[in-house]
Amino acid sequence: IGDADALTTGKILNLVANSADSSARSMVYIKNDHTSATGASMLELVNDSTGSELKIERTQDGTAGPVVELYHNSATVADNDVIGEITFYGEDDTGAKIQSGRWINTITDTTSGSRASTQTFYTTDSDASNEALRILSTGQIQVDLASEITTSSGSGDVFDRFDDLGTIAKWS
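Scoring rules and cut-offs
- The residue numbers shown here count from 1 along each chain, following its written sequence.
- Predicted model: local features are reported for residues with pLDDT of at least 70 only, side-chain atom pairs are reported and counted for 80 or more only, and whole-chain, interface and lining totals are derived from all residues.
- Only hydrogens and water are set aside when side-chain values are computed; all heavy atoms of the structure are taken into account.
- Basic side-chain nitrogens of Lys or Arg form a salt bridge, by our definition, when they fall within 4 Å of a carboxyl oxygen of Asp or Glu.
- Each residue is placed in one exposure class: buried if its accessible area under a 1.4 Å probe, protein chains only, is under 20% of its type's maximum, exposed if it is over 50%, and partly exposed if it falls in between.
- In summary, the pairing rule links any two rings of Phe, Tyr or Trp, Trp by its six-membered ring, whose centres are within 6.5 Å, and it sorts them by plane angle into stacked for under 30 degrees, edge-to-face for over 60 and tilted for everything else.
- Helical segments are the DSSP runs of H or I of at least four residues, strand segments are the runs of E of at least two, and each set is numbered from the N terminus.
- Only lysine NZ and arginine CZ atoms are considered, and such an atom sits over a ring when it is within 6 Å of the ring centre and within 35 degrees of the ring normal.
- One requirement defines pairing of two strands: DSSP has to find at least two bridges between them.

Trainee: Looking at this model, I keep getting lost on the pattern of salt bridges. Mind explaining?
Mentor: Opposite charge on two side chains permits them to pair, given that their charged atoms come into close proximity. What the rule picks out here adds up to four salt bridges. Between glutamate 57 and lysine 55 there is a salt bridge, with the nearest N and O atoms lying 3.2 Å from each other. In this pair, the class of glutamate 57 matches that of lysine 55, namely exposed.

Structural data, given as structure tokens:
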């Protein structure tokens, strides 16, 4: 790789494969093969500009857009394993790194033929991570209604049912 400081257009690294082979394969493969390297990040993208840090583009004709796959490949999969997590970070007014929110997928039943999962969304309030929304495998939606909700028509438990798709209810 040449001098990237002088780059004003183009790319630093350009990998092109022009093969008609339709077998499943990876264009770039990065592997951390040592279980003790727990602090290692596989890929770090830092951008000092206003452009995107990551762009995923699919140019194939058709109706399908880009796909991002998070795959938990474990020989000891068990009920309630976290399958994937996306965590959002920012900085507070002192410049300290803070967690702003999370989205977690948990497999709640690993039994073949009856597998089930839950999507859970967390927000941050007063520096604490709080579970705010949970979507069950049945399509039911649960929201944290620890306190009553105030609306223009008054206070109370305003979420009883959500049409025929599922219920919105307090945590059970």
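Following the structure, the description resumes.
Trainee: What exactly am I supposed to notice about the packing of aromatic side chains here?
Mentor: Here a ring pair, both rings aromatic, is described through the centre-centre distance and the interplanar angle of the planes. All told, the structure shown has one aromatic pair when counted by the stated rule. Each ring, one from tryptophan 103 and one from phenylalanine 121, has its centre 5.5 Å from the other, and the planes form 20°; the classification is stacked. Here phenylalanine 121 lies in strand 3 (residues 116–125) and tryptophan 103 lies in strand 2 (residues 97–109), a separation of 18 residues in the sequence. The residue whose ring lies beneath lysine 97 is tyrosine 89, and the NZ or CZ to ring-centre distance is 4.4 Å. Over the aromatic face of tyrosine 122 sits the side chain of arginine 102, whose NZ or CZ is 4.1 Å from the ring centroid.

Trainee: I tried to follow unusual backbone geometry on my own but got confused; where do I start?
Mentor: In most cases, non-glycine residues show a negative phi, while peptide bonds are predominantly trans. The phi torsion at asparagine 80 lies on the positive side, around 70°, for a residue other than glycine. Secondary-structure assignment places asparagine 80 in the segment before strand 1 (81–91). Residue classification places asparagine 80 among the exposed positions, given a relative accessible area of 54%. Positioned with a positive phi, aspartate 127 is a non-glycine residue whose angle comes to about 65°. By the secondary structure assignment, aspartate 127 is in the loop between strand 3 and strand 4 (128–135). What makes aspartate 127 exposed here is its relative accessible area of 75%.

Trainee: Hey, could you run me through the pairing of strand 2 in this one?
Mentor: Every regular strand shows the same layout, with side chains that alternate between the two sheet faces. Note that strand 1 and strand 2 share 10 bridges and pair antiparallel. Counterpart to valine 82 in the pairing with strand 2 is threonine 106. Adjacent in sequence and paired antiparallel, strand 1 and strand 2 are bridged by five residues, among which glycine 95 carries a positive phi angle near 90°. Summarising the sheet, strand 2 and strand 3 pair through eight bridges and their orientation is antiparallel. Bridged to isoleucine 104 within strand 3 is threonine 120. Counted between consecutive antiparallel strands, the loop separating strand 2 from strand 3 contains six residues, among which glycine 113 sits at a positive phi close to 95°.

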